[in-house]
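A closer look at the structure
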Amino acid sequence: MTQTPASPDALRLHLAYLQAVVASMAQGISVFDQHLRLRVWNARFIEVLDLPPEIVVEGVEFADLIRIPAERGEYGPGNPEDYIRDICALARQFLPHRFERARPAGRTHLVQGEPLLLDGQLAGFITTYTDISEQKAATAALQAQHELLETVIESVPCGITMFDKDFRLQLANSRFRQLLDVPDEFFTSPAPSLGDFYQLNAQRGEYGPGEPELIVSRLLARAQQHQAHHFERTRPNGQTLDVRGRPMADGGLVTIYTDISDRVASAEKEKLAQVVFEHTPAGIFVTDERLAILSSNPSASRMTGLTPEQIIACPAFDFIDRSTSWQQHELHTALSLHHSWRGEIRLRRADGETFPASLRIKQVEDQLNGVPQRYIWIFADITERKEHEARMQHIAQHDPLTGLPNRLALLTRLSHLLPEARRHDWRVGVMFIDLDRFKTINDTLGHQVGDLLLREVATRLSAVIRETDFVARLGGDEFVIILPGISSPADAALVASKVINSLAPPIQADGNELHTSPSIGISLFPDDGSDSHDILKNADTAMYHAKSAGRNNYQFFAPNMNQVALERMNIERKLRRAVSNQEFALQFQPQFDTASAMPTGVEALLRWHHPVDGVIAPDRFIPIAEETGLIVEIGDWVLHTACREVKRWIDQGLAPLRIAINVSARQLRRRDFCEIVAGVLAESGLPPELLELEITESSVMENPEDATLILARLGRMGINLAIDDFGTGYSSLAYLKLFPIDRLKIDRSFVRDIEYDLNDRAIAFGTIALAHSLGLKVIAEGVETDDQLELLRSNDCDEVQGFLFSKPLDGPAAFAFLHARQQGG
């Protein structure tokens, strides 16, 4: 600052006055004139600045005095002269200044300087040096105490607020902000009020529904009562707070907020656990480390028949059935290793009765030292479950229709029986039984009748076996009987004969008299196999041989049967691809009028030309096609092909003649068979009167009532019907009279020896007479000699076919042959 200097006289008078005043002051004082020369000072000045007394004299330069502390480094590191120059330049500005200066000795001084003015004229500057070390120490201690208190308040896991007597916020820790979700904006005003806080919470719905203003008014009225309060409040987010408030002596209010959500939840869990303990259907024992019962729940009393008082202090093992296979030490071992055990045992009631129970034991350890402290036993009565499992086990291993053991039970029985038989050198017989004609009965009379038949068969089989024997139903019409401990094959043969005899009487089922017979295959262990798979497979193979041998008989397994079975499987496998691979072909054998020797028709004969095996004879594959059902697809192919071929002949100039086609029993059982025939006639264009269907007498006699209806429909369509191989099966003349057939066909077995065998001759001639008496035509097949022809002609046989006239011919050859004969060639 620039000011006019004071006059010397005025300055001297003033300085003298100051010298008298400062001598007795506790503060250090110095006065420098406008030339920065020392004019006034006191002893305290020398002491505070730690100056050598000898240099502190009137008129000493300001620069000389500050050189002492500068050289001692009191102004900092570096060149002292630089500090002296800067400080002197600052001093020459004669500006007011105030700062604190820490001395090397650890004392702190407050330095305050002001320009010295005399009559408004600059006379220098006056500086005071006050030792504030004790004040600084007290302030630091107070600050440290404040910081400690603040740290404590911030470290407390509770929210804390303090409002003064005017309900202005004085203190709020961060935990309060966090617990109450108080936004930072709330604290921007200098001192938010308690009403502001209530208003914030009320608007957020913290106090429940209601007008915020009314809620705030009510809460402020309570606060103004200056009374301590304590309550729990659950916030909208589910958090529960314990709120405790205490008034201060000066009228202020301190409130502490504690989050007790976990404690409340724990209490709720404990309450819920007690409810579960009291009401769970499972029994519960709580035992000590010696497994003495400390407490039990009502379900435990209900299951054991004892009161809680009777249960308490009993060893838990007293309730375990003595016959239980595992021992106490095993349980202790499991608990020590795994700290738990679970399984199924039998528990004992007060009356001595036992019941099956599922049991789980869990070890509870002391949280401090980890030593087992309690054991929780949880058990449930599983009587109903065990009964259900037994029922399911029975269902799983028994046939629901007959009640007999099923395949699973059979294999289980064999898996136990065969090893035992091997150890004791026993023989075991296995009988594989298949019912003859069951499929026909089931398909024609319905599954209900078939089921009744199977039940009766199961009853009869069970009646003929020993108590140690075992009968099972595999499915369909297949049964197996196991004969353990037999001494010879004759024992198995005896049982097989009993089975055949037991099924000989007719079975009454739903108003139907049913006839069935068994085909039985027998294999022996260990002769015919070393395990259940081989024994059953070989018995099955022997059963097929029993069927091939005429049914209603038994056959023992022989090793060569497997070769036959393999051949049968091979033919079946190839047969399934024969139609799609176009391996079938038709040949046609002409039929002739006996009197005129003119052709009247042809019979379509099926031939199989395999690409590798060559020609496979019909007697090798037709029975397999019948058994597997493939005959239906093959028969459809024959029907379509034969009708198209004959229609083509007629279109090429051949005079119309009849085509005879064999129909299997399976085809005849199809409900849509008549529709299929009609479709073939419509597609080929062949007139119905030129089609003759040949049906074996055994196939129509399987279910004569249904056969009559089907044949009648075919007859009304204009189709000719013939009974093939007449005399080889069994038939009722009463039914034969009702069948709408046109001709009977005498089987070649009666024609072959007609010249020499009087019985065959009688059958053939009787058939002709019978047919004519019923108004039917007769055709004889297999005619190979003139004598056979003459005998048949002389007895009025209407038509013949055989090698005497023509062998079976392929399509073109048959057309040429027939065309020539019709032309008289």
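Refer to the structure printed above.
Summarised in this report is the structure supplied together with it. (Residues numbered from 1 in each chain as written. Predicted model: local features only at pLDDT ≥ 70, side-chain atom pairs only at ≥ 80, totals over all residues. Heavy atoms only, no water.)

**Considering the packing of aromatic side chains**
- For the structure on display, the rule yields 23 aromatic pairs.
- Between phenylalanine 584 and phenylalanine 621, the aromatic rings sit 6.0 Å apart at their centres with planes inclined by 40°, giving tilted as the arrangement. Of this pair, phenylalanine 584 sits in strand E23 (residues 584-593) while phenylalanine 621 sits in helix H20 (residues 618-628), and the two are 37 residues apart along the sequence.
- Of the aromatic side chains, those joined through ring pairs into one cluster are Phe176, Phe186, Phe187, Phe197, Tyr198, Tyr207 and Tyr257. (Phe/Tyr/Trp six-rings, centres within 6.5 Å; stacked < 30°, edge-to-face > 60°. Helix = DSSP H or I, 4+ residues; strand = E, 2+ residues; numbered from the N terminus.)

**A few points about unusual backbone geometry**
- Geometrically, the link from phenylalanine 525 to proline 526 is a cis peptide bond, its omega value of 5° lying close to zero.
- Note that proline 526 resides in the loop between strand E21 (517-525) and helix H18 (532-548).
- For histidine 339, which is not a glycine, the phi torsion comes out positive at approximately 65°.
- When you line up the elements, histidine 339 lands in the loop between helix H12 (328-338) and strand E13 (340-348).
- Located in the positive-phi region is asparagine 552, a residue other than glycine, with phi close to 55°.

**With respect to the nonpolar core**
- In terms of nonpolar packing, the biggest core is built from 75 residues, with Ile659, Ile661, Leu691, Leu693 and Leu714 touching the most fellow members.
- At 11 residues, helix H21 (residues 630-651) tops the list of elements feeding residues into this core.
- Here leucine 691 is in contact with Leu639, Cys643, Ile659, Ile661, Val677, Leu681, Leu686, Ile719 and Asn720, once residues within four sequence places are set aside.
- If you look at the next biggest cluster of nonpolar residues, it comprises 32 residues, including Met431, Val464, Val471 and Val499. (Core = buried A, V, L, I, M, F, W, Y, C linked by side-chain atoms within 4.5 Å. Buried < 20%, exposed > 50% of the residue type's maximum accessible area, 1.4 Å probe, protein only. Contact = heavy atoms within 4.5 Å.)

**With respect to the pattern of salt bridges**
- Enumeration according to the criterion identifies 52 salt bridges in this entry.
- In this structure, arginine 235 and glutamate 206 form a salt bridge, with 2.6 Å as the shortest nitrogen-oxygen distance. Placement of the pair is arginine 235 in the loop between strand E8 (229-234) and strand E9 (240-247) and glutamate 206 in the loop between helix H7 (194-203) and helix H8 (212-223), with a sequence separation of 29 residues. Assigned by exposure class, arginine 235 and glutamate 206 land together as buried.
- The shortest N-O distance in the salt bridge between lysine 547 and aspartate 434 comes to 2.7 Å. Here aspartate 434 lies in strand E16 (residues 427-436) and lysine 547 lies in helix H18, a separation of 113 residues in the sequence. Of the two residues, lysine 547 and aspartate 434, neither departs from the other in class, the shared state being buried.
- Through salt bridges with shared partners, a single network forms among Arg44, Glu47, Arg107, Asp131 and Glu134. (Salt bridge = Lys/Arg side-chain N within 4 Å of Asp/Glu carboxyl O.)

**Focus on a nonpolar patch on the surface**
- Together, Leu272, Val275 and Val276 line one region of the surface with nonpolar side chains, adding up to about 250 Å² of accessible area.
- Note on placement: leucine 272 falls in helix H9 (residues 261-279).
- On the basis of relative accessible area, leucine 272 is assigned to the exposed category, the value being 54%. (Patch = residues over 30% accessible without salt bridge, like charges linked within 9 Å, V, L, I, M, F, W, Y side chains within 5 Å. Areas by Shrake-Rupley, 256 points an atom, 1.4 Å probe, with all protein chains shown as cover.)

**Topic: the packing of helix H3 (residues 62-71) against helix H4 (residues 80-91)**
- At a minimum axis distance of 9 Å, the contact between H3 and H4 shows a crossing angle of 135°. As far as their axial angle goes, H4 and H3 are oblique. In terms of crossing hand, the pair formed by H3 and H4 is right-handed. From H3, Phe62, Ala63, Ile66, Arg67, Ala70 and Glu71 reach across to H4, where they touch Pro80, Glu81, Ile84, Ile87, Cys88 and Ala91.
- In terms of residue class, the contact of H3 with H4 is built from nine nonpolar, no polar and three charged. (Axes fitted to C-alpha atoms, helices over the stretch in contact; angles between N-to-C directions. Parallel < 35°, antiparallel > 145°, perpendicular 65-115°, else oblique. Left-handed = near helix turned anticlockwise from the far one by under 90°. Nonpolar A, V, L, I, M, F, W, Y, C, P; charged D, E, K, R; others polar.)

**Quick look at the pairing of strand E3 (residues 97-102)**
- Direction of pairing for E3 relative to strand E4 (residues 108-118): antiparallel, over a ladder of six bridges. Note on E4: the bridge partner recorded for arginine 101 is histidine 109.
- Following E3, the chain reverses through five residues before pairing antiparallel with E4; glycine 106 in that reversal takes a positive phi of roughly 100°. (Pairing = 2+ DSSP bridges.)

**Details of the sheet that holds E21**
- Sheet architecture is open: five strands sit in the order E17-E18-E16-E21-E22, paired in mixed fashion. Lying at the two open borders of the sheet, with one neighbouring strand each, are strand E17 (470-475) and strand E22 (553-556). The average undirected angle you get between the axes of adjacent strands in this sheet is 20°.
- As paired elements, E16 and strand E18 (residues 478-486) share eight bridges and run antiparallel to each other. Residue pairing for E18: isoleucine 433 is matched across the bridge by phenylalanine 479.
- Those strands touched by helix H16 (residues 447-464) are E16, E17 and E18, and its axis lies near 5° from that of E18.

**Some remarks on the pairing of E9**
- Where E8 meets E9, six bridges bridge the pair, whose relative direction is antiparallel. Note that in E9 the partner of histidine 230 across the bridge is arginine 244.
- Direction of pairing for E9 relative to strand E10 (residues 253-259): antiparallel, over a ladder of seven bridges. Bridged to arginine 244 within E10 is isoleucine 256.

**What to know about the sheet that holds E8**
- The five strands are arranged E7-E6-E10-E9-E8 in an open sheet whose pairing can be described as antiparallel. The open sheet has two edge strands with one neighbour each: strand E7 (169-172) and E8. Across the sheet, the mean angle from the axis of one strand to that of its neighbour is 15°, orientation sign disregarded.
- Looking at chain direction, strand E6 (residues 159-163) and E10 are connected through five bridges and run antiparallel. Opposite glycine 159, over in E10, you have tyrosine 257 as the bridge partner.

**Topic: the packing of H21 against helix H23 (residues 673-684)**
- Look at H21 against H23: their axes get within 9 Å of each other, and the N-to-C directions meet at 30°. Of the possible angle classes, the one that applies to H21 and H23 is roughly parallel. Between H21 and H23 lies a crossing of right-handed hand. Facing H21, whose interface residues are Asp636, Leu639, His640, Cys643, Arg644 and Lys647, H23 presents Ile676, Val677, Val680, Glu683 and Ser684.
- Taken together, the residues of the contact of H21 with H23 sort by class into five nonpolar, two polar and four charged.

**Observations regarding the side chain of arginine 743**
- Within the secondary structure layout, arginine 743 lies in strand E29 (residues 743-746).
- In contact with arginine 743, not counting residues within four places along its chain, are Arg658, Glu692, Asn720, Leu721, Ala722, Ile723, Leu776, Lys777, Val778, Ile779 and Glu799.

**Details of H16**
- Across its 18 residues, H16 extends 26 Å between first and last C-alpha, which sits within 8% of the 26 Å expected from 1.5 Å per residue.
- All buried positions along H16 are accounted for by Val449, Gly450, Leu453, Leu454, Val457, Ala458, Arg460, Leu461 and Val464. (Expected span 1.5 Å × (residues − 1).)

**Observations regarding the side chain of asparagine 442**
- Note that asparagine 442 resides in helix H15 (residues 438-445).
- There is a polar contact of 2.9 Å between the side chain of asparagine 442 and the side chain of histidine 447. (Polar contact = N/O pair within 3.5 Å; in protein donor to acceptor, adjacent residues only side chain to side chain.)

**Re the environment of isoleucine 507**
- Assignment of secondary structure puts isoleucine 507 in strand E19 (residues 507-509).
- Assessed through its relative accessible area of 2%, isoleucine 507 is described here as buried.
- Contact partners of isoleucine 507, with chain neighbours within four places excluded, come to Leu453, Glu456, Val457, Arg460, Asn512, Glu513, Leu514 and Thr516.

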